[in-house]
Structure formats: C-alpha cells, structure tokens
Amino acid sequence: MSLKVENLTIYYQTLRGDVRALENATFNIEGGEIMGLAGESGCGKTTLGHSLISLAPPMKYVGGRVTLGGVELPIWDTEKMNEFRFKDISIIPQYAMNAMNPIRKIGKMTEELLRARKVDFRALLPELKRRLDLVKLPHEVLDMYPIELSGGMKQRMVMVLSTLLDPILLIADEITSALDVASQKAVAEMLVEFRDEGCCKSAIVITHDISILYQIADSILIMYAGQLAEKASTETIIHSPRHPYTKMLISSLPEIGAKYSEKQLAGIPGKPPLLLDPPTGCRFRDRCPIAFEKCTEVPPFVEIEKNHFVACWKETGNDA
Amino acid sequence: MLKLDRVTKIYRVGTFGGKELHAVSDVSFEIKDGEVVSLIGESGSGKSTIGKMILGLISISSGAISLVGKDVSALKGDALKEYYRLVQGVFQDPFSTYNPIFKADRIFQIIHNEFYPDVDAQIWNAKVDKALKDVGLNPEHVLNKFPHQLSGGQLQRFLIARALLLDIKFLVADEIISMLDASTRIDVLNLLAELKKRGLSILFITHDLSLANYISERAIILYRGCVVEMGVTEKIFNDPRHPYTQMLMASVPRLDQKWDEQVNVESMEAPTGTTSGCLYYDRCPLAFEQCKQRPTPVEIEADHSVACWKVTEKRAQ
C-alpha cells in the first residue's frame with residue numbers, strides 16, 4: 001500500500017471563522033494506482049491534494065494521519081516535510097506554465113533544484129536526458145530559458161522535473177485543463193507512461209474533467225463540499241455509480257453523440273453549501289432527490305463491495 | 001442572416017510591428033435565422049478574433065461582415081448603436097465582465113438609460129424581471145446584489161438576460177461555459193437551446209467538441225485562422241474528412257470508449273510563421289506535393305466542405 005490517509009481534516013482560517021474544506025477523509029492508494037480526484041470547484045479536491053505536500057496558512061491542520069510507503073508524514077510541520085518533498089512526494093502544479101524560474105536556463109535551474117536536495121546533477125544527467133526523450137523534448141531545452149518553450153513543452157518539462165527523483169506519490173493538479181484536446185491527450189498518456197516506467201509509483205490526478213479520468217485513471221474518488229462521496233474503480237464510477245451525487249454528475253456530462261435535439265440532459269438543481277457554516281449531516285442533502293431523515297447524520301464512508309466505498313445512508317442501509 | 005465574406009485579420013507583431021501575424025485568413029461562412037453554429041479550434045486558432053470582429057471590437061483587415069445584407073464593418077455612432085440592438089456578445093469570464101464596485105444589476109440600468117430612455121421605470125423593471133425568469137433566475141434572489149455574491153453560472157445568465165432585454169437577433173457566445181462547473185454548465189447550454197427556438201441565431205465559440213456537438217446544427221473547424229472543415233454537425237463528428245479534424249476527434253476524451261491510437265507528440269504543437277501552403281502541412285500525415293499551395297474549402301457533399309487537397313483529389317478520381 002502506497003498512501004494511507006486516515007480521518008484527514010483541514011480547515012481554512014478566515015476572519016469570519018473556519019472554512020471546513022476537508023472533513024474526515026479516509027482512503028488508500030495502492031502501489032501503481034493512478035487515482036482520479038474529481039468534483040465541482042470548491043469541493044476540496046485541491047485542498048486534499050495540496051495538504052499532502054504543502055500545508056501552509058491559511059490552511060490549518062485539524063486532525064488525521066497520512067502514511068506514505070509505511071512512514072508517517074508530518075504534514076503539519078512545514079520544516080520536517082522538506083525531507084519528503086520532491087523525493088517521496090511530488091507535485092505538478094496547476095499553472096505548470098509559470099512554474100519555472102524565468103531568469104535561469106532550464107538546465108541550470110534543475111541543477112540548483114537538485115543541489116538543494118543534495119543530489120548530484122552530473123550523476124543524474126543521463127537519466128534526465130532519457131526522460132526528456134520519453135516526453136519527446138530535445139536535449140537542447142536544458143540550455144534554453146522557459147520563455148523559449150511553448151505551453152505544452154513547458155508542461156512536459158515540469159512533468160519531467162517533478163518526477164526526477166522517482167517519488168512514491170505524484171500529485172497532478174489540473175494538468176490538462178489549460179491545454180487543447182490534442183496536447184491534453186498527449187500529456188495524459190505521458191502520465192500513464194511515467195507510472196508504467198516507474199518514474200512515480202502512484203499518482204493522484206486532480207481534475208474536474210471526468211472524461212479524462214475515464215481514459216487514464218485506475219480508480220476515481222468523487223468529492224462533494226469537503227466530504228468524500230464515493231471511491232471505486234473507474235469502470236464502476238462511470239457505469240454503475242451508487243452515490244446520488246455521482247449519478248447526477250455523470251449523467252450531466254454531454255458525451256460525443258449526445259445532442260440537445262435528441263436527448264436533453266439535466267444539470268443538478270441548487271448549488272453546493274457554503275463551507276463556512278456547512279449544514280450538519282450529509283452535505284448533499286439539500287440537492288439530493290432521495291434524502292430522508294437519516295441524512296441529518298453524517299454518513300460513514302464504507303466499503304459496500306470490494307474497493308467500492310460510498311458515503312450514503314441509502315446505500316449502506318440503516319444497520320450500518 | 002449574418003455573413004462573413006473572405007474576412008482576414010492581420011496583426012502587426014514584433015518590436016516595431018515589422019512582422020505580420022495572420023490571425024484569421026479568408027474566412028467565409030453564413031449563419032441563418034435561428035441557427036446555432038459552433039466555431040471550434042484550439043487556442044490561437046483565431047476563433048475569438050472572429051467573434052470580436054463580428055461584435056466590432058476589433059477592425060477587419062480585409063473582407064466584409066454583413067448582417068441581413070448590410071455591411072457592418074464600418075459602422076459608427078448611431079448606426080453602430082442600432083447594430084448593438086441586434087447583435088450582442090457574452091464572454092468567457094463572467095467575473096471580469098462586471099465592475100466589482102457596483103451592483104451586478106447595474107448592467108440593466110445602463111441598457112435602460114442608453115437604449116430605452118423613454119420607457120417608464122416600472123415597465124422596465126417588469127421587463128427585467130421577465131428576462132431574468134426567462135434565463136431561469138428568481139429576480140428576488142439575484143437583484144440588488146454585488147457580483148461577488150452571485151455564482152459564476154448566475155452572472156453568466158445575467159449577461160444573457162441583458163442581451164435578451166435588447167431583443168437581439170444574434171448572439172456571440174465566446175466560451176461561455178468553460179468556466180462553469182459540470183453540474184451547472186448543462187443548464188446554461190439548455191438555456192441557449194431554448195433561446196434558439198425563439199429565433200435567436202447563436203455563434204457558439206468553443207474548444208470543447210462534445211459541447212459543440214450537443215448544441216449546434218452546424219460546425220466550423222478552424223486551424224491557425226483558416227477554415228479546414230465545415231458543415232452539418234453530424235457529418236463533421238461522425239465522418240470527419242480533414243486530417244486535422246480526424247486527429248481532433250480521436251483526441252476527445254469520451255465516456256463511451258477509450259483512446260486507441262497514439263497521437264504523435266512531436267507534431268503536437270502548431271508551428272508559427274507564415275506559409276503560402278496548407279497550414280496543417282507540417283503536422284499532416286498525408287501531406288504531398290500539392291499541399292504547398294493553400295487549399296480552399298470545397299463542398300464534397302451537401303453542406304459539408306473540406307479544405308484538403310487529398311480529400312478533393314480522391315473525389316476527382
């Protein structure tokens with residue numbers, strides 16, 4: 001087992017009180033697993049991803065344990081986490097286009113980055129070049145400034161940098177959202193190739209685009225308003241979801257071939273609750289068509305079938 | 001009703017404006033009454049430039065845009081204002097469309113003062129209420145609020161309601177749902193389809209192929225400022241003929257099937273610089289000698305045109 005998250009709770013500190021962005025998240029990621037993390041904006045998916053690697057104010061650690069490869073991560077301690085960052089856990093940030101130092105040549109920047117982690121650049125150079133070949137970038141990019149690269153090339157360069165030390169867990173935050181469909185496909189497939197090549201042992205892919213996840217992820221975790229809603233294999237989430245939110249979310253996606261004139265899709269009425277003072281119980285309650293009295297209590301995130309977790313009273317039954 | 005005839009936009013770039021960038025070259029198409037046409041292309045393909053030229057926000061280098069037979073590219077003063085009674089645009093980012101200092105419904109007051117100064121305030125308020133209800137908003141919930149108190153979907157619907165108050169005939173919708181969440185974007189799409197039923201023509205600019213397919217009757221595929229393929233949406237999506245369109249269709253992430261063949265990554269990026277030949281030449285797997293000349297769209301079947309020598313050559317045989 002690669003990553004184990006237990007009861008992780010993260011709030012944001014604001015002048016008006018705590019925003020409960022993530023509550024009691026418990027899930028596992030197996031070695032070699034690419035887990036997609038999806039949900040609407042503000043559901044806490046980026047909070048979850050970032051809290052694992054860089055938990056900085058206004059983010060506030062409230063409770064929970066994170067174990068990576070058998071070692072507990074001190075995610076509440078920014079200083080102690082330095083030992084794990086980049087080596088064991090790494091991230092491809094959302095705006096990878098702007099992630100590189102604009103006044104350093106890329107090779108020089110990489111060297112400095114590695115020196116900061118006490119890794120010998122020269123010894124790693126052949127491997128770096130091999131990885132550049134893997135993402136089809138010419139070796140000359142190391143002598144170029146970031147401005148000389150196109151957006152897609154920068155994205156691929158950052159992918160190579162992030163995974164250079166073979167992290168156990170790679171967090172990819174919305175890496176395909178700013179790209180065109182063709183580059184989107186290329187970047188997504190490279191991520192899978194990186195996993196297959198062992199450049200990262202497992203990955204969390206954060207995105208709002210579920211159709212991308214269907215292409216590359218092994219499992220999908222759906223979040224709603226700071227709570228985990230459902231986690232299962234990709235096929236199960238897409239074809240036989242159990243949580244009412246997942247069901248409505250999947251059915252509101254226009255597929256190729258769906259046309260308004262033939263079949264009208266419906267959105268989900270209402271909007272997510274504010275997390276400053278969220279309602280008690282299941283947070284999807286107000287928008288849920290099948291909500292009943294029991295939903296005023298927080299539903300537990302339980303395994304209803306092997307590797308299929310759902311947080312819904314209707315699915316787990318009253319006896320759970 | 002709206003017709004573009006060989007519209008071209010050239011930007012001057014470089015330190016002293018010494019270089020030329022052909023953002024849009026020789027684009028011609030027509031949009032009929034009550035029709036939704038999708039304009040599809042990757043970033044930098046000139047799709048937003050076309051939208052802005054239709055709205056008169058940027059000038060046209062050559063060619064003509066006409067609305068019901070009247071040339072609109074040189075309108076000024078009162079004539080331009082009359083044009084805006086008929087044609088309006090809604091853009092990608094609803095948050096930056098509003099002035100955050102003022103309440104969001106100020107946009108309705110501006111329309112009132114500018115276009116309908118003779119209408120009594122009470123009658124006007126009733127009209128605003130009706131327009132808001134038409135776009136699926138409850139006036140009591142959304143009026144008298146600042147932009148930050150409303151969601152992106154609500155603000156976007158506000159802008160559509162504003163356009164409806166003017167009783168427009170043509171709407172330029174430039175990436176209006178790409179900023180919205182999956183659960184609300186479909187509602188805005190359905191709203192556009194509703195408006196279409198009332199005779200509104202819409203130019204739906206997007207890079208998302210599945211959204212385009214959902215809403216439009218006709219689609220236009222742009223590549224580096226040129227039309228490569230256009231026609232009835234079903235034909236473009238089910239039977240793409242241009243190699244670029246075929247590559248696009250193969251790259252769309254779908255929920256009913258997985259990606260099959262590998263897209264060649266080296267040819268991923270659109271090259272820059274000018275060429276007199278086919279703009280897709282460098283990336284095209286089928287390119288041959290004749291492609292050094294620029295192909296023009298040729299109708300290969302009823303309402304389906306392709307600009308590719310390979311396709312038209314096959315047909316000639």
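Just so it is clear, the structure is predicted and the values come from calculations on it, not from any experiment.

Caption draft 1: Here's a closer look at the overall build of chain B. When helices and strands are tallied, chain B shows 12 helices and 12 strands. Over its C-alpha atoms, taken along the principal directions, chain B stretches across nearly 70 × 45 × 40 Å. Classification of the 317 residues of chain B by burial places 41% in the buried group. The long-range share in chain B, meaning contacts at least 24 apart out of those at least 6 apart in sequence, stands at 64%.

Caption draft 2: Spotlight on the overall build of chain A. The secondary structure content of chain A amounts to 10 helices and 12 strands. For 320 residues, the compact-globule estimate of 2.2 N^0.38 gives 20 Å, and the C-alpha radius of gyration of chain A, at 21 Å, lies within 12% of that figure. Here the C-alpha coordinates of chain A stretch approximately 65 × 50 × 40 Å along the principal axes. The 320 residues of chain A split such that 44% are buried. Taking all contacts inside chain A whose residues are at least 6 apart in sequence as the whole, residues at least 24 apart take part in 62%.

Caption draft 3: Here's a closer look at the interface of chain A and chain B. Listed by partner, the interface residues are 33 residues for chain A and 34 residues for chain B. When residues of the side of chain A that touches chain B are traced back to their parent elements, those giving at least two are helix 6 (181-197) and helix 7 (210-216) of chain A. Looking at the side of chain A that touches chain B element by element, the count peaks at six residues for helix 6 of chain A. Each residue belonging to the side of chain A that touches chain B can be placed in one class, and the counts come to 15 nonpolar, 11 polar and seven charged.

Caption draft 4: Looking closely at the nonpolar core. In terms of nonpolar packing, the biggest core is built from 169 residues, with V205 of chain A together with A173, L203 and F204 of chain B touching the most fellow members. If we skip the residues at most four places from it in the chain, L203 of chain B touches I31, V37, L39, G51, I54, V172 and A173 of chain B.

Caption draft 5: Structural detail: helix 1 (residues 47-54) of chain B. Residue and element names in this part refer to chain B. The buried fraction of helix 1 amounts to seven of the eight residues, a majority that puts the element mostly inside the structure. Within helix 1, burial applies to K47, S48, T49, I50, G51, M53 and I54. G56 sits one or two residues past helix 1 and shows a positive phi near 70 degrees.

Caption draft 6: Seen up close, the sheet that holds strand 1 (residues 3-14) of chain A. All names here are of chain A. Read across the open sheet, the four strands follow the order 2-1-4-5; overall the sheet is antiparallel. Sheet topology places strand 2 (17-29) and strand 5 (71-72) at the edges, where each strand pairs with a single neighbour. As defined by bridge partners, strand 4 (residues 59-68) adjoins strand 5 across two bridges and the pair is classed as antiparallel. Bridging across to strand 5, T67 finds its partner in E72.

Caption draft 7: A look at the pairing of strand 8 (residues 201-206) of chain B. Residues and elements named next belong to chain B. In terms of residue burial, strand 8 counts as a mostly covered element, since six of its six residues are buried. The two faces of strand 8 match: S201, L203 and I205 on one face and I202, F204 and T206 on the other face are all buried. Where strand 3 (residues 36-40) meets strand 8, five bridges bridge the pair, whose relative direction is parallel. Residue I40 lies in a different strand from strand 8, and its bridge partner there is T206.

Caption draft 8: Representation of the environment of M249 of chain B in the model. Residue and element names in this part refer to chain B. With respect to the helices, strands and loops of the structure, M249 is situated in helix 11 (residues 243-251). Sequence separation between M249 and I236 is 13 residues, and the spatial gap between their C-alpha atoms is 9.3 Å. Those residues within four positions of M249 in sequence are excluded, and the remaining contacts are F237 and P240.

Caption draft 9: Just unusual backbone geometry, in detail. The linkage connecting P57 of chain A with the following residue, P58 of chain A, adopts the cis geometry, with an omega of 5 degrees. Tracing the chain through its elements places P58 of chain A in the loop between helix 1 (45-51) and strand 4. Even without being glycine, K136 of chain A reaches a positive phi, approximately 60 degrees. Mapped onto the elements of the fold, K136 of chain A is located in the loop between helix 4 (121-134) and helix 5 (151-162). Given 15 C-beta atoms within a 10 Å radius, K136 of chain A is considered partly exposed. Within the chain, D26 of chain B stands out as a residue other than glycine whose phi angle is a positive 50 degrees. Tracing the backbone shows D26 of chain B in strand 2 (residues 19-31).

Rules used throughout
- Residues numbered from 1 in each chain as written.
- Chains lettered and ligands numbered in written order.
- Predicted model: local features only at pLDDT ≥ 70, side-chain atom pairs only at ≥ 80, totals over all residues.
- Helix = DSSP H or I, 4+ residues; strand = E, 2+ residues; numbered from the N terminus.
- Buried ≥ 20, exposed ≤ 12 C-beta atoms within 10 Å, placed from the backbone.
- Contact = placed C-beta atoms within 7 Å.
- Rg over C-alpha atoms; globule rule 2.2 N^0.38 Å.
- Nonpolar A, V, L, I, M, F, W, Y, C, P; charged D, E, K, R; others polar.
- Core = buried A, V, L, I, M, F, W, Y, C linked by C-beta atoms within 7 Å.
- Pairing = 2+ DSSP bridges.

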